[in-house]
Amino acid sequence: MVMTYLDRTMEIKHRIETRQARIGIIGMGYVGLPLALLFSEERFKITGFDIERGKVDKLNHGGSYIVRIPSTEIQLAQNRGFSATSDYGQIAQMDVVIICVPTPLNEYHEPDLSYITDTVRSVAPHLRNGQLIILESTTYPGTTEEVVVPLLEQGNPSGLRVARDAESDGFYVAFSPEREDPGNDTVARRDVPKVVGGCGPAALELASAVYASIFNRTVPVSSPAAAEMTKLLENIYRCVNIAMVNELKQLCMRMGIDLFEVIDAAKTKPFGFQAFYPGPGLGGHCIPIDPFYLSWKAKQFDFDTRFIELAGQVNLAMPYFVVDNIMEAMSQRDKALHGSRVLVLGVAYKRDIDDLRESPSLTIIELLKQRGAQVEYNDPFFASVGHGRKYDLNMTCTPLERIPEFDCVVIATDHSQYDYSMIVEKAKLVVDTRNATKGIEATNIVRC
Ligand SMILES: NC(=O)c1ccc[n+]([C@@H]2O[C@H](COP(=O)([O-])OP(=O)(O)OC[C@H]3O[C@@H](n4cnc5c(N)ncnc54)[C@H](O)[C@@H]3O)[C@@H](O)[C@H]2O)c1
């Protein structure tokens, strides 16, 4: 008996509803692993794919490498059938494959899609009729249709094509952006609406059914490109507004006005205002990077994304602004930065997380070293900092008891477990880039 499109989509939906659908998640990082656990909690049997053997082994031994995910959660998921692998051969057994691999920028600030293209090339040979492939990695509008679909179609030996309408055979493709906010426990994951765009109505229907099993609300949009653009709009909105308050902070400092006080007052307005806070610069895998995916794509349309470029300039300059302020604060105390000892508190890019990707603290440390300071750091989430794509520090965490030895302590990340009164009391000079010392009156604090 020949299976029609309706039979097949009905069957897949039935498999999703009855939790028989096998879900493979590629990329067991900050996005993919929590997503795997969410599906597992809903009784799906999940396979996590990753090329890093260390992560696969750790997961299969019931361990975790993300601080906010306790090992017990991995072990509970294992009891529900969760396992990890580097073997792409297992893709053939999956009904749904969700791709959560990195999308960084290259050294020329252009999109580096190599993780996506490598992944898709690895998936393609194992594709089968009726499988649903969803991309979650943040990327420019057009990636799913222009990059993912052609690679899947070219790479599978049986000549399968993407199924776009009721008549056609093939596999389904959709894009659904991740909206993870690491460290934010105010909204339960399942309460964050999930935007979905499919290559055709069947893909949209199936992808929405998959996500409806773990999210309370799905938001269908007309195409993968609309879903890709939605994610970029969200992140550009943050990037531009953070740049605006970073610029205003510099003006307010000259004018002797406390911008944090102003923001607190402004946010009492019950409509038309959302609070964004200044800081030492942008960090993380999203806000400093994603907007440039759109700037790059815009050039194909002879279009300059001026807001993004301007916001990028302001935000990238912030670590330099912080270091200038450290130098100024020290010179007012008759100290030269060159040869002085500086302790940077916090290398994570934001409060209470174990992620230092693109962290402005790393830039601040590099700049301080270039200017001849002897720099050490403390961060409860990092016992050591080695080297990454954009840094090479090879440092170990200095205990807070040693604060009195330093000429200056810089609060770069406002982790909540720091005792700021104690820090101010013990330090000779505190440069606070996060307003973490709010409410503490002392002459050794410089806020910038
Ligand atoms: N971290 C966040 O808060 C966040 C939020 C929203 C969206 N995103 C987006 O989600 C995507 C993933 O981000 P992340 O933070 O989880 O990255 P990550 O670096 O934490 O994890 C990515 C994982 O993919 C694995 N990987 C890379 N290439 C692979 C391949 N070919 N096959 C299998 N595994 C492979 C890596 O080993 C790594 O474990 C990015 O596009 C990012 O922009 C991230």
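For the structure given in this document, a descriptive report is provided here. (Residues numbered from 1 in each chain as written. Predicted model: local features only at pLDDT ≥ 70, side-chain atom pairs only at ≥ 80, totals over all residues. Heavy atoms only, no water.)

**Some thoughts on the overall build of the chain**
In terms of regular secondary structure, the chain is built from 13 helices and 15 strands. Taking 22 Å as the expected radius of gyration for a compact globule of 448 residues, we find that the chain reaches 24 Å, a close match to that expectation. Within the chain, buried positions represent 53% of all 448 residues. Put simply, 67% of the contacts in the chain that link residues at least 6 apart link residues at least 24 apart. Approximately 20300 Å² of the chain is accessible, and the part contributed by carbon and sulfur atoms is 53%. (Helix = DSSP H or I, 4+ residues; strand = E, 2+ residues; numbered from the N terminus. Rg over C-alpha atoms; globule rule 2.2 N^0.38 Å. Buried < 20%, exposed > 50% of the residue type's maximum accessible area, 1.4 Å probe, protein only. Contact = heavy atoms within 4.5 Å. Areas by Shrake-Rupley, 256 points an atom, 1.4 Å probe, with all protein chains shown as cover.)

**Examining the environment of Pro104**
Its place among the elements puts Pro104 in the loop between strand S4 (96-99) and helix H5 (114-123). C-alpha separation for the pair Pro104 and Tyr293, spaced 189 residues apart in sequence, amounts to 9.1 Å. When residues no more than four places from it in sequence are discounted, the contact partners of Pro104 are Glu110, Pro111, Asp112, Tyr115, His285, Ile289, Tyr293 and Arg389.

**Regarding unusual backbone geometry**
A positive phi angle, near 50 degrees, is found at Asn394, a position not held by glycine. If you trace the backbone, Asn394 turns up in strand S12 (residues 392-396). A positive phi angle, near 60 degrees, is found at Asn435, a position not held by glycine. In this fold, Asn435 is placed in the loop between strand S14 (430-432) and strand S15 (445-447).

**A word on the pattern of salt bridges**
As enumerated under the stated definition, the model contains 24 salt bridges in all. Linking Lys13 and Glu205 is a salt bridge whose minimum nitrogen-to-oxygen distance equals 3.1 Å. Linking Lys13 in helix H1 (residues 5-17) with Glu205 in helix H7 (residues 201-212), this pair joins segments that are 192 residues apart in sequence. Note on Glu205: relative accessible area 34%, which makes it partly exposed. Close ionic contact of Asp264 with Lys438 constitutes a salt bridge, the shortest N to O distance being 3.2 Å. Of the two residues, Asp264 sits in helix H9 (residues 259-266) while Lys438 sits in the loop between S14 and S15, which places them 174 residues apart along the sequence. You can call Asp264 partly exposed: its relative accessible area is 27%. Assessed through its relative accessible area of 55%, Lys438 is described here as exposed. (Salt bridge = Lys/Arg side-chain N within 4 Å of Asp/Glu carboxyl O.)

**A few points about the nonpolar core**
Among the nonpolar cores identified, the biggest contains 40 residues, and Ile23, Ile25, Leu33, Phe39, Phe82 and Ile98 are the most heavily contacted of them. The biggest single contributor to this core is H7, with seven residues. Listed in part, the 38 residues of the second largest apolar core include Met94, Ile99, Leu113 and Leu152. (Core = buried A, V, L, I, M, F, W, Y, C linked by side-chain atoms within 4.5 Å.)

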